[in-house]
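Structural description and commentary
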Amino acid sequence: MEYIIFCDESVQKGDKFCDFFGGCMVSSKDINDINNAINNKRQELNLTSEMKWVKVTDNYLDKYKSIIDLFFEYIKLGKIKMRVMFRKKEDCPSAPQDADYRYFKLYYQFLKHAFGLRYIPNNEDTYVRFYLDKLPDKKIKVDEFKSFIVDLPKRTEFRESGLRIRKSDITEIISHQHVLLQCVDIVLGAMYFRLNDMHLVIQPGQQTRGKRTIAKDELSMHILNHIKDIHKNFEISKSTPNYGKNMSHLESPYEHWRFISK
């Protein structure tokens, strides 16, 4: 058994919420079919350039909605597991002692906990490959970060799981080459946008919201409606409980995690 996890991070700062990380997990047996389906949809819609949240405009709104519909179709089928982690600004220390490693420590917590990897059954070895959007730091820090990920199965809480991670399976990738990472970027950007009330922004000198803001508002609501199809009582700013669903953290199709450091 093998899973592939695509991960991205968004803007670290925000007026209300910050430190956004997002990712999706797909089984290796499904990855080709899903990639082909989304890429075929892109060709059908004539979306030839990289899809990103920052590119959302009125002209592309309906096309991006179509891509998101397909992406969430696979989430609802349980073939894609989507996760978003963030912090409320008031939960962030004003001057953290480990400021130089803050980014990597948060990223590590996301990878360690968000996907429920410690619940992988131990009846067979399950390998996980991590495809990380290009990491913005020096090689020595990046290598140290990767070594911590490789060592996850050795941690006490993972020893009863079937999780296996090889060093060669942690790869930095270019987002324009991976359509699933682009879908993660769109969902992650939408969550940052709404949690920081950017859908309400009116630019200085204007009396109404701009067309781009209105388009992003509509797309983010479209995404939220998909999430509420999965979690009826979903609250965007809170960690997602199981809402009584008979499924493990590993199998849950979509989750938010408001990270609060201990």
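Note that the structure is predicted; figures quoted are calculated from it, not measured.

1. Observations concerning the packing of helix α1 (residues 28–45) against helix α2 (residues 61–76)
Two elements in contact, α1 and α2, have axes separated by 10 Å at closest approach and are oriented at 165 degrees. In this view, α1 runs roughly antiparallel relative to α2, as classed from their interaxial angle. The interaxial crossing formed by α1 with α2 has right-handed handedness. Along its contact with α1, which presents Asp 33, Ile 34, Ala 37, Ile 38, Lys 41, Arg 42 and Leu 45, the element α2 presents Lys 63, Ser 66, Ile 67, Leu 70, Phe 71 and Tyr 74. Taken together, the residues of the contact of α1 with α2 break down into eight nonpolar, one polar and four charged.

2. Describing the packing of aromatic side chains
Inspection of the entire model under this criterion finds 19 aromatic pairs. Ring centres 5.1 Å apart and planes at 80 degrees place the aromatic pair Tyr 103 and Phe 104 in the edge-to-face group. Since its relative accessible area comes to 10%, Tyr 103 is described here as buried. Residue Phe 104 is classed as buried on the basis of its relative accessible area of 5%. Plain terms: the ring middles of Tyr 103 and Tyr 107 are 5.7 Å apart, the flat faces sit at 80 degrees to each other, and that makes the pair edge-to-face. Taken together, the residues Tyr 103 and Tyr 107, both in helix α3 (residues 102–113) and four residues apart, mark about one turn of the helix. When its relative accessible area of 1% is taken as the criterion, Tyr 107 is described as buried.

Criteria and thresholds
- Residues numbered from 1 in each chain as written.
- Predicted model: local features only at pLDDT ≥ 70, side-chain atom pairs only at ≥ 80, totals over all residues.
- Heavy atoms only, no water.
- Axes fitted to C-alpha atoms, helices over the stretch in contact; angles between N-to-C directions.
- Helix = DSSP H or I, 4+ residues; strand = E, 2+ residues; numbered from the N terminus.
- Parallel < 35°, antiparallel > 145°, perpendicular 65-115°, else oblique.
- Left-handed = near helix turned anticlockwise from the far one by under 90°.
- Contact = heavy atoms within 4.5 Å.
- Nonpolar A, V, L, I, M, F, W, Y, C, P; charged D, E, K, R; others polar.
- Phe/Tyr/Trp six-rings, centres within 6.5 Å; stacked < 30°, edge-to-face > 60°.
- Buried < 20%, exposed > 50% of the residue type's maximum accessible area, 1.4 Å probe, protein only.

It is worth stressing that arrangement in space is one thing and function is another; only the former is reported here.
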